[in-house]
There are 2 protein chains.
Amino acid sequence: MKYTIILLAVAASILSFKGDHSERVDIHTVMQIKNEGFNNSKVLGTLFELTDVNGPRLTGSAGMKSAEVWAKNKLTEWGLANAAIEPWGGFGKGWEINKNYVAMTAPYYQALIACPKAWTPGTNGLVSGNAVLVKIDSVQDMAKYAGQLRGKIVVMGGMSTEVKPNFTADAKRYTDEELSKMLDWHNEESATNLSQKPKASAPAGRPGGNLRKMVDSFLYAEGATAVLSGGRGTMGTLFTSNGASRAWDAKPVLPEMEMGSEHLARLIRLLEVNKEVKIEMDTRTTFQTVDSIENNVIAEIPGTDKKLKSELVIIGAHMDSWHASTGTTDNATGVVVMMEAMRILKAIDIKPRRTIRIVLWSGEEQGLLGSRAYVKNHFADRLTMELKDDHKKVSAYYNLDNGAGKIRGIHLQSNDEVRNIFESWMEPFKDLGVTTATIRTTGSTDHISFDEVGIPGFQFIQDPLEYGSRTHHTNMDSYDRINGNDLMQASIIVASFVYNTAMRDEMIPRKSLPVIKK
Amino acid sequence: MKYTIILLAVAASILSFKGDHSERVDIHTVMQIKNEGFNNSKVLGTLFELTDVNGPRLTGSAGMKSAEVWAKNKLTEWGLANAAIEPWGGFGKGWEINKNYVAMTAPYYQALIACPKAWTPGTNGLVSGNAVLVKIDSVQDMAKYAGQLRGKIVVMGGMSTEVKPNFTADAKRYTDEELSKMLDWHNEESATNLSQKPKASAPAGRPGGNLRKMVDSFLYAEGATAVLSGGRGTMGTLFTSNGASRAWDAKPVLPEMEMGSEHLARLIRLLEVNKEVKIEMDTRTTFQTVDSIENNVIAEIPGTDKKLKSELVIIGAHMDSWHASTGTTDNATGVVVMMEAMRILKAIDIKPRRTIRIVLWSGEEQGLLGSRAYVKNHFADRLTMELKDDHKKVSAYYNLDNGAGKIRGIHLQSNDEVRNIFESWMEPFKDLGVTTATIRTTGSTDHISFDEVGIPGFQFIQDPLEYGSRTHHTNMDSYDRINGNDLMQASIIVASFVYNTAMRDEMIPRKSLPVIKK
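Residues numbered from 1 in each chain as written. Chains lettered and ligands numbered in written order. Predicted model: local features only at pLDDT ≥ 70, side-chain atom pairs only at ≥ 80, totals over all residues. Heavy atoms only, no water.

- Looking at an unreviewed UniProt entry, chain A carries the name Carboxypeptidase Q, with the source organism given as Flavipsychrobacter stenotrophus.
- Recorded in UniProt for chain A, the comment headed Subunit (unreviewed entry) runs: "Homodimer. The monomeric form is inactive while the homodimer is active." (UniProt positions renumbered as here; feature names shortened; annotations may be inferred.)

Put into structure tokens, the structure is as follows:
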């Protein structure tokens, strides 16, 4: 009788669900996660603090440092253990904007929408000068401007000045058809080739790479006053680039402003017909003078199983951002969703078998720097494939870094063995729109740091909303762009995946270890 | 034989088309108009000069005056007769922007996208102060701020700070279904009630009308430093309002900046949770010190018929604009289309029976002032219905003022007798999308000045493109927003309507004279 009662109690408390898939899902805990995630969500308040209150978080800036302190305190406040700000290495100069003003003053006055390019100096006081249109597509083009640029404001030409009325909505969600196409095998971006996010590519009108460095040096040597460039973005939105060099020995460059399309196009049209165009500019930027160490922020829910608690489930998101707004959809929303997932799990008082750890990265925008350093320090060297002891202890890493849209599924990163597992874990969330486990890989963000050393690392599929069209690396990436329901949903899905990973008997199956690259 | 030859010659030269409608259309001239309008168009170059080169044209400003000189010279250059800048009366203070800068400096730096509200003073130097959130919905609300605003930057609350992702495209064209619904009788806006354009209504967060005047006086008396208001517009677009009073005896008001939604919403969210927010601002605006007379610009193609040449066909568009951009779709495109229509007719060397006159208005944005004064000076007093001699000589007035979209039809202004005529005139342009002659009236622009004194006045139906969503009274109403094909099409339709009106035996049939209003 006692045995029967025990059996019944065990069955009742587990409430296992065995569906089409063999992977067990604890529906009782799913319900608890959903309840906490939908009915007691803190995700919007957390987002407000990280974006509106803290401001932009360019790696190395004061805003990044304040966010690290805030995150550590927040995670501690929620009862997580071992919260720490963990250094990962040197980075280069810090930089921030202290004043941002530029206007056309002739043929008439027009204040211009613009943003200092990252890691460029300010004008340090009001400067003015005639604008000169400069179009350089090759080294030979530079010669024709020699001796003509001293004291001038350089307007980088080359952008198409034709902007058409936009008949496509800014925001989108994936249709069922698009999601089912995503299931087709397609090697989008090889995880081993990639070093950075989908580039905020050299803006239209700026030659990329080495030619750009040569142009920068040329303009500086010629004594121009400042540069206006860019041209991506419409209706007052502007896209920023990756900026000038942050190296301590970087060659000096001119003050430079990045602009959206309309205002830059107007300057170009006027200059193309030789109208006199005058610009005034007053910008101030600050470079850190001391080489500082950059950090990741860590916290945990310690494991409870004697054997398994030394094993890890890690979730993460990069907390650094670009500088023209508050980096909300890139990537504060990823950060607060991961934080909320931890908060939910702690609030419902789970007893995970494995240790669950959250890491909030910096340096992602400059090349996955924080996550790569962390993986190298703790788990493996991706260049030599020398493994540390803990390499075998990480079951999986989950990442979020594709905007503020809800989760629609996950990329399996060519790991066929996890398909069954993840599809089982997604099953209870079909009515929340989570349907698609694609074999595909995706790149350009922090799960790659794990995947490339043979630790299972995964990035979710998210609805785009306005990510590519309006927010990714723009001056309009602000709190206003989000949908609370999407963030709550994502927090719930992540919490559930993390919990399942922490509870299952086995570690997540691994692909073969990567081969050392020459 | 001679008689036959004459008959044949007459028939050949007229090439009449008698379709379903009894109104004769000269297809040969339609072809000439289309050829000149599509293959030798000057419309884009003209638009560039009026917008990019000339800049904004707020009534009373230097930009308005320079545009008048430019237009007169341009029309003369094209061979039109009797080009003149004709005064219509006093207006109030002129105003322009000479410097426009505002930024949040705490809790961190963020340059703000903003524009001085029309007819407000500048700060005349850099000012700074703490922001205070002010929400005034009624007179009683003001008391709670007494004594708290000295030296402060007032942030007008009341706007909804919730901005959702936008799943609707900015640009649209009318569908066939929408056009056929437009045919239904529907008194959209009574022509007799209207005094202004669809109001750039009191922006969200600013109480309208008398309460607003009281708030303005209160804030000024309390010694606040400046006001930030608005909140309409997304993604870097901001909508401007009709501004402060331009009267010579207007009460003094504070410097005020109008903003789009995101930046204002951020300030409001921070202030709502009592975060310290600091603002710095540096603006300069200039008021004219001498009361100047405002003008309309006129030019003609004189009539050739001995009996009919004293009769008039008038086309027009308002050339004045708002101040945050170059007023392209409102209403430089209307202006350049009307100018191009005249240029086309002159270029193909028509011999109109009646005199064709173009008038480019100012003061439309402030209440159809230029066109109303013109009609009063030349034709009739709308308040007394006292008629001048020339009142009986105007066959029709045609207007364009609904953005940069192509023509889809015309509003018949409840004039049933013109339906047949206009449908005949539209017939050759069905393949250009011109299909819809609706009995409806429309208001808020210069044809009303004619319609309200019993002279047939008509406004075309145009595809919206991005008019309501992005360009009407915004900082993004610039040259970039246009589609060259649409402007060429509109020029051709207008030229054809004008020519037909100048050639037909009879004047356009009239509705009854309006009754004098008390």
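Still to come is the rest of the account.
### Thoughts on the overall build of chain A
Then comes step 1: A count of helices and strands for chain A gives 14 helices and 18 strands.
Then comes step 2: For 518 residues, the compact-globule formula gives about 24 Å, and the C-alpha radius of gyration of chain A, at 25 Å, lands near that figure.
Then comes step 3: Along the three orthogonal principal directions, the C-alpha set of chain A runs to about 95 × 45 × 40 Å.
Then comes step 4: Every one of the 518 residues in chain A was classed for burial, and the buried ones make up 62%.
Then comes step 5: Within chain A, contacts between residues separated by at least 24 positions form 84% of all contacts whose residues are at least 6 apart in sequence.
Then comes step 6: Distance from the positive charge centre (60 side chains) to the negative charge centre (61 side chains) of chain A: 2 Å. (Helix = DSSP H or I, 4+ residues; strand = E, 2+ residues; numbered from the N terminus. Rg over C-alpha atoms; globule rule 2.2 N^0.38 Å. Buried < 20%, exposed > 50% of the residue type's maximum accessible area, 1.4 Å probe, protein only. Contact = heavy atoms within 4.5 Å. Lys, Arg positive; Asp, Glu negative; His and termini not counted. Charge placed at Lys NZ, Arg CZ, Asp CG, Glu CD.)

### So, the domain arrangement of chain A
Residue and element names in this part refer to chain A.
Then comes step 1: The domain boundaries assigned to chain A delineate domain 1 (31-91 + 292-503) and domain 2 (95-160 + 204-287).
Then comes step 2: Contacts between the two partners involve 19 residues from domain 1, matched on the other side by 19 residues from domain 2.
Then comes step 3: For the pair domain 1 and domain 2, the two sides together bury roughly 1500 Å², of which 54% comes from carbon and sulfur.
Then comes step 4: If you look at where domain 1 meets domain 2, you find zero salt bridges.
Then comes step 5: Applying the counting rule to domain 1 against domain 2 returns seven residue pairs in polar contact (both at pLDDT 80 or more).
Then comes step 6: Broken down by element, the residue count for the side of domain 1 that touches domain 2 peaks at three residues, all from helix H13 (residues 467-471).
Then comes step 7: Of the residues that constitute the side of domain 1 that touches domain 2, the class distribution is seven nonpolar, 11 polar and one charged. (Domains from an automatic or database assignment. Buried area = accessible area lost by both parts, 1.4 Å probe. Salt bridge = Lys/Arg side-chain N within 4 Å of Asp/Glu carboxyl O. Polar contact = N/O pair within 3.5 Å; in protein donor to acceptor, adjacent residues only side chain to side chain. Nonpolar A, V, L, I, M, F, W, Y, C, P; charged D, E, K, R; others polar.)

### So, the relation of the copies chain B and chain A
Each of the two copies of the chain can be brought onto the other by a rotation about an axis and a shift along it.
Then comes step 1: The transformation that overlays chain B on chain A combines an axial shift of 0.0 Å with a rotation of 180°, and the residual RMSD is 0.1 Å. Both copies of the chain, as the preceding transformation shows, are related through a two-fold rotation axis.
Then comes step 2: Counting the interface residues of chain B, we find that 100% of their copies in chain A are interface residues as well, pointing to one common contact surface. (Least-squares fit on C-alpha atoms with pLDDT ≥ 70 in both.)

### Considering the sheet that holds strand E13 (residues 312-318) of chain A
Residue and element names in this part refer to chain A.
Then comes step 1: In space, the eight strands of this open sheet follow the order E3-E12-E14-E13-E15-E18-E16-E17, with mixed pairing throughout. Among the strands making up the open sheet, the edge pair consists of strand E3 (81-90) and strand E17 (436-438). Averaged over all adjacent pairs, the angle separating strand axes in this sheet is 25°, with direction ignored.
Then comes step 2: Pairing between E3 and strand E12 (residues 293-301): seven bridges, direction antiparallel. Pairing of glutamate 86 across the sheet is with asparagine 296, part of E12.
Then comes step 3: The sheet contacts of helix H9 (residues 328-347) involve E12, E13, strand E14 (355-361) and strand E15 (394-399), and relative to E13 the element is tilted by about 150°.
Then comes step 4: Across the face of the sheet, helix H10 (residues 369-378) comes into contact with E3, E12 and E14 while running at roughly 105° to E3. (Pairing = 2+ DSSP bridges. Axes fitted to C-alpha atoms, helices over the stretch in contact; angles between N-to-C directions.)

### A word on the interface of chain B and chain A
Quoted interface sizes are often the accessible area lost when the parts come together.
Then comes step 1: On the side of chain A, 57 residues touch chain B, which itself brings 57 residues to the contact.
Then comes step 2: Buried surface at the junction of chain B and chain A, both sides included, amounts to about 4500 Å², of which 60% is carbon and sulfur.
Then comes step 3: At the junction of chain B and chain A, the tally comes to eight salt bridges.
Then comes step 4: For the salt bridge of aspartate 52 of chain B with arginine 266 of chain A, the shortest nitrogen-to-oxygen distance reads 4.0 Å.
Then comes step 5: On the surface where chain B and chain A come into contact, there are 20 residue pairs in polar contact (both at pLDDT 80 or more).
Then comes step 6: Listed by contribution, the elements that provide at least two residues to the side of chain B that touches chain A are helix H3 (43-53), strand E4 (95-106), strand E5 (110-111) and helix H8 (261-272) of chain B.
Then comes step 7: Of the residues forming the side of chain B that touches chain A, the biggest block, six residues, is contributed by H8 of chain B.

### Observations regarding the packing of aromatic side chains
Then comes step 1: This structure, assessed with the given rule, holds 37 aromatic pairs over all chains.
Then comes step 2: Connected via pairs of aromatic rings, a cluster forms that spans Tyr398, Phe422, Trp425, Phe458, Phe460 and Phe497 of chain A.
Then comes step 3: Here the basic side chain of arginine 246 of chain A rests over the ring of phenylalanine 91 of chain A, its NZ or CZ set 4.2 Å away from the ring centre.
Then comes step 4: We note lysine 93 of chain B situated over the ring of phenylalanine 287 of chain B; from NZ or CZ to the ring centre the distance is 4.9 Å. (Phe/Tyr/Trp six-rings, centres within 6.5 Å; stacked < 30°, edge-to-face > 60°. Lys NZ or Arg CZ within 6 Å of the ring centre and 35° of its normal.)

### Some points on the UniProt feature "domain: Peptidase M28" (unreviewed entry) in chain A
Then comes step 1: The residues that UniProt annotates with the feature "domain: Peptidase M28" (unreviewed entry) are residues 296-497 of chain A.
Then comes step 2: For residues 296-497 of chain A, helix accounts for 31% and strand for 20%, while the C-alpha atoms at its two ends are 22 Å apart.

### With respect to helix H2 (residues 27-39) of chain B
Residues and elements named next belong to chain B.
Then comes step 1: Taking 1.5 Å per residue as the helical rise, H2 with its 13 residues ought to reach 18 Å, and the 18 Å between its terminal C-alpha atoms agrees with that figure.
Then comes step 2: Residues of H2 that are buried: Thr29, Val30, Ile33, Glu36 and Gly37. Along the long axis of H2, the arc covered by the buried residues comes to 135°, so they all point the same way. For H2, exposure combined with an orientation more than 90 degrees from the buried face picks out Met31 and Asn39.
Then comes step 3: Contact partners of the buried residues in H2: strand E2 (25-26), helix H9 (328-347) and helix H14 (484-503). (Expected span 1.5 Å × (residues − 1). Arc of directions from axis to C-beta.)

### Some details on the pattern of salt bridges
Then comes step 1: Here the structure, examined in full by the defined rule, presents 62 salt bridges over all chains.
Then comes step 2: With a shortest N-O distance of 2.9 Å, arginine 481 of chain B and glutamate 262 of chain A are connected by a salt bridge. Here arginine 481 of chain B is found in the loop between helix H13 (467-471) and H14, whereas its partner glutamate 262 of chain A is found in helix H8 (residues 261-272) on a different chain. Each member of the pair, arginine 481 of chain B as well as glutamate 262 of chain A, is classed as buried.
Then comes step 3: Sharing partners across several salt bridges, the network here consists of Asp52 and Asp480 of chain A together with Arg266 and Arg269 of chain B.

### A short note on helix H2 (residues 27-39) of chain A
Every α-helix carries 3.6 residues per turn, so stepping three or four residues along brings you back to the same face.
Then comes step 1: Elements that come into contact with the buried residues of H2 of chain A comprise strand E2 (25-26), H9 and helix H14 (484-503) of chain A.
Then comes step 2: The N-cap of H2 of chain A, judged by a side-chain oxygen 3.2 Å from the amide nitrogen of histidine 28 of chain A a few residues on, is aspartate 26 of chain A.

### Notes on the environment of glycine 94 of chain A
Residue and element names in this part refer to chain A.
Then comes step 1: Among the structural elements, glycine 94 can be located in the loop between E3 and strand E4 (95-106).
Then comes step 2: Here glycine 94 falls in the buried class, since its relative accessible area comes to 2%.
Then comes step 3: As for glycine 94 and threonine 286, which are separated by 192 residues in sequence, their C-alpha atoms are 8.0 Å apart.
Then comes step 4: Non-local contacts of glycine 94, meaning those with residues more than four positions away in its chain, are made with Gly60, Trp119, Thr286, Phe287 and Gln288.

### Some words on the pairing of E4 of chain A
Residues and elements named next belong to chain A.
Then comes step 1: Of all 12 residues in E4, 10 are buried; the element is thus mostly enclosed.
Then comes step 2: Here E4 pairs with strand E11 (residues 278-287) via 10 bridges, running antiparallel. Paired with alanine 103 across the strands is glutamate 280, a residue of E11.
Then comes step 3: The sheet contact formed by E4 and strand E5 (residues 110-111) spans two bridges and is antiparallel. Bridging from a neighbouring strand, alanine 103 pairs with alanine 111 of E5.
Then comes step 4: Linking E4 to E5, which pair antiparallel, is a turn of three residues.

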